[in-house]
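Tertiary structure, described
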Amino acid sequence: MANDVKMKKHASVFDLNGVPRFGEALPLALQHVVAMIVGCVTPSIIVAGAGQISNADKVILIQAALVIAGISTLLQLFPIGKYFGSGLPVIMGVSFAYVPSMSAIAEGYDIGTILGAQIIGGVVAFVVGLFIKQLRKFFPPLITGTVVFSIGLSLYPTAINYMAGGTSSPSYGSWKNWAIAIFTLAVVTFLNHFTKGFFKLASILIGMVAGYIVAIAAGMVDFSAVGDAGLLYVPHPMHFGIHFNISASVAIGLLFAINSVQAIGDFSATTIGGLDREPTDQELQGGILCYGVTNVLGAFIGGLPTATYSQNVGIVSTTKVVNRMILGLAAVIILVAGLVPKFSALLTTIPQCVLGGATISVFASIAMTGIKLITSQPMTYRNTSIVGLAVAMGMGVTQASASLGTFPDWVSTIFGKSPVVLATIVAILLNQILPKDKPAGK
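Residues numbered from 1 in each chain as written. Predicted model: local features only at pLDDT ≥ 70, side-chain atom pairs only at ≥ 80, totals over all residues. Heavy atoms only, no water.

The next subject is the overall build of the protein chain. Helix and strand content of the protein chain: 20 helices and two strands. Taking 2.2 N^0.38 as the reference for a compact globule, 442 residues should give roughly 22 Å; the C-alpha atoms of the protein chain span a radius of gyration of 21 Å, in line with that estimate. The buried share among the 442 residues of the protein chain stands at 53%. One way to put it: in the protein chain the 22 positive side-chain charges average out to a point 8 Å from where the 15 negative ones average out. (Helix = DSSP H or I, 4+ residues; strand = E, 2+ residues; numbered from the N terminus. Rg over C-alpha atoms; globule rule 2.2 N^0.38 Å. Buried < 20%, exposed > 50% of the residue type's maximum accessible area, 1.4 Å probe, protein only. Lys, Arg positive; Asp, Glu negative; His and termini not counted. Charge placed at Lys NZ, Arg CZ, Asp CG, Glu CD.)

Below, the discussion takes up the layout of surface pockets. Approximately 1,300 Å³ is the volume attributed to the second largest pocket. Taken together, 48 residues form the lining of the second largest pocket, with Gly49, Ala50, Tyr162, Thr167 and Gln352 sitting closest to its centre. Taken together, the elements giving at least two residues each to the lining of the second largest pocket come down to α2 (22-51), α3 (55-77), α4 (99-108), α7 (141-163), α11 (224-228), α16 (341-348), α17 (352-375) and α18 (381-399). The element best represented in the lining of the second largest pocket is α7, accounting for six residues. In terms of residue class, the lining of the second largest pocket is made up of 22 nonpolar, 22 polar and four charged. (1 Å grid on protein atoms, 1.4 Å probe; cavity = no way out; pocket = protein on both sides within 12 Å on 5 of 7 lines; lining within 4 Å. Points joined across faces, edges and corners; volume = space filled by probe spheres on them. Nonpolar A, V, L, I, M, F, W, Y, C, P; charged D, E, K, R; others polar.)

Before going further, it helps to examine unusual backbone geometry. Positive phi is not limited to glycine here, since methionine 238 has a value of about 65 degrees. For methionine 238, the location among the structural elements is in the loop between α11 and α12 (246-275). The exposure class of methionine 238 is partly exposed, given its relative accessible area of 43%. One non-glycine residue, aspartate 276, lies in the positive phi region at around 60 degrees. Turning to its location among the elements, aspartate 276 is positioned in the loop between α12 and α13 (281-301). With a relative accessible area of 65%, aspartate 276 lands in the exposed category.

Here we come to α4. A large share of α4 lies buried, amounting to eight of its ten residues. Listed as buried for α4 are Val99, Pro100, Ser101, Met102, Ser103, Ala104, Ile105 and Ala106.

A few words on the side chain of histidine 32. Its place among the elements puts histidine 32 in helix α2. According to the relative accessible area criterion, histidine 32 is buried, its value standing at 3%. When neighbours within four sequence positions are excluded, histidine 32 is seen to be in contact with Ile91, Asn312, Ile315, Val316, Leu327 and Ala330. (Contact = heavy atoms within 4.5 Å.)

As a further point, take a nonpolar patch on the surface. Side chains of Val123, Phe126, Val127, Leu130, Phe131 and Val293 sit close together on the surface and give an oily, nonpolar patch of about 470 Å² of accessible area. Broken down by element, the nonpolar patch gets its largest block of residues, four residues, from helix α5 (residues 111-130). You can see valine 127 is positioned in helix α5. With a relative accessible area of 40%, valine 127 lands in the partly exposed category. (Patch = residues over 30% accessible without salt bridge, like charges linked within 9 Å, V, L, I, M, F, W, Y side chains within 5 Å. Areas by Shrake-Rupley, 256 points an atom, 1.4 Å probe, with all protein chains shown as cover. Salt bridge = Lys/Arg side-chain N within 4 Å of Asp/Glu carboxyl O.)

Here the protein chain shows a mean pLDDT of 84. Residues at 70 or above account for 93%. Per-residue pLDDT, averaged within each element of the protein chain, yields its smallest value for helix α1 (residues 2-9) (44) and its largest for α5 (94). (pLDDT = per-residue confidence, 0-100.)

With that settled, the discussion passes to the environment of isoleucine 105. By secondary structure assignment, the location of isoleucine 105 is in helix α4. Residue isoleucine 105 is classed as buried on the basis of its relative accessible area of 2%. Beyond its immediate stretch of four places on either side in the chain, isoleucine 105 contacts Asp110, Thr113, Ile114, Ala248 and Ile252.

In this section: the side chain of threonine 42. By secondary structure assignment, the location of threonine 42 is in helix α2. With near-sequence residues (within four places) excluded, threonine 42 lies in contact with Phe96, Leu355 and Thr359.

Below, the structure written as structure tokens:
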């Protein structure tokens, strides 16, 4: 018995359960934090900019994002009961998939309307979790790939506007903004393609630090917000309020349904890559039910929609380090970061041109992930028609938003602000309506 206890206290980092040595666990946990933290806070910064909220509220939005990311990850790692949490080594964080729709809602309404729609989305995800086996057939790789590709494409204008300095900035489009943005992008690209290990893994973070230093030297950074920020943050439930709008709820709810199914891919990649097996039905259902409930919880404390983080899935699959205590330590670090306002305030001082230079490669990666999913299926005339028409309708209507000028406002909010919703609906309908390809030789 004593030997068993000792083994549990000093478990291998390659064991799902047990407690590894702290000296081994800490650097591996920090690796996960570095991989996700920029992606977790950037959607909040983008949405805050779209909603034109104050710097103080922007700090709260960032802090809430980190807090709910830490809580969601801990609940996924260490399930409550049999059906609330996956028990798999995954990291949760605020997702870029919702950014186009959230930005449109923030511009037309407010942050509270996003959070109200998020509650509806959490309920949708919970229902998807209950019926996940039956719903999976509507989202084959061709459809999820089309959705992910549309998300990537829709984020490109955001990155370009940020590289130019942000549309609300008096210096928008200046050579100084573009120079720093391109320098940041060059650092990220170099690290991604010419280095290995930590430098490649942390390429976006290092690129942002490099761009930030240059921006400080150029006199583009104001630290007054950091001095004004407190030392400890306690979540403020309902700080932004919660407002329900039908069109916003439909747009966000549909994305939750899609991301619920897409999460199956991340759970599967985690178990196949790290544990050499497929996820069980209980793990999938528990993971998605937890995803729904934690997003409802997150809405009440101001945390924007979360999802599984593919970059962290990639770390698990590559390193085979699946120990839940290591990822739990990463979640605690993320949670602590969310409770320190000065840390969040420091993030708000990053110039938008630096953010744009660092994130455009992330958005490009999202689009290319969609293409990989699409091309994992045979590129027949039927399949290319589905993808082509879905993307054409989604992107086309968004770029010609005046074409919905005579429709009610709710139609424009759902279909005219973000290409993702319309592209998803068209792809699903065409996949059900168009005749299936005949097997070869028939």
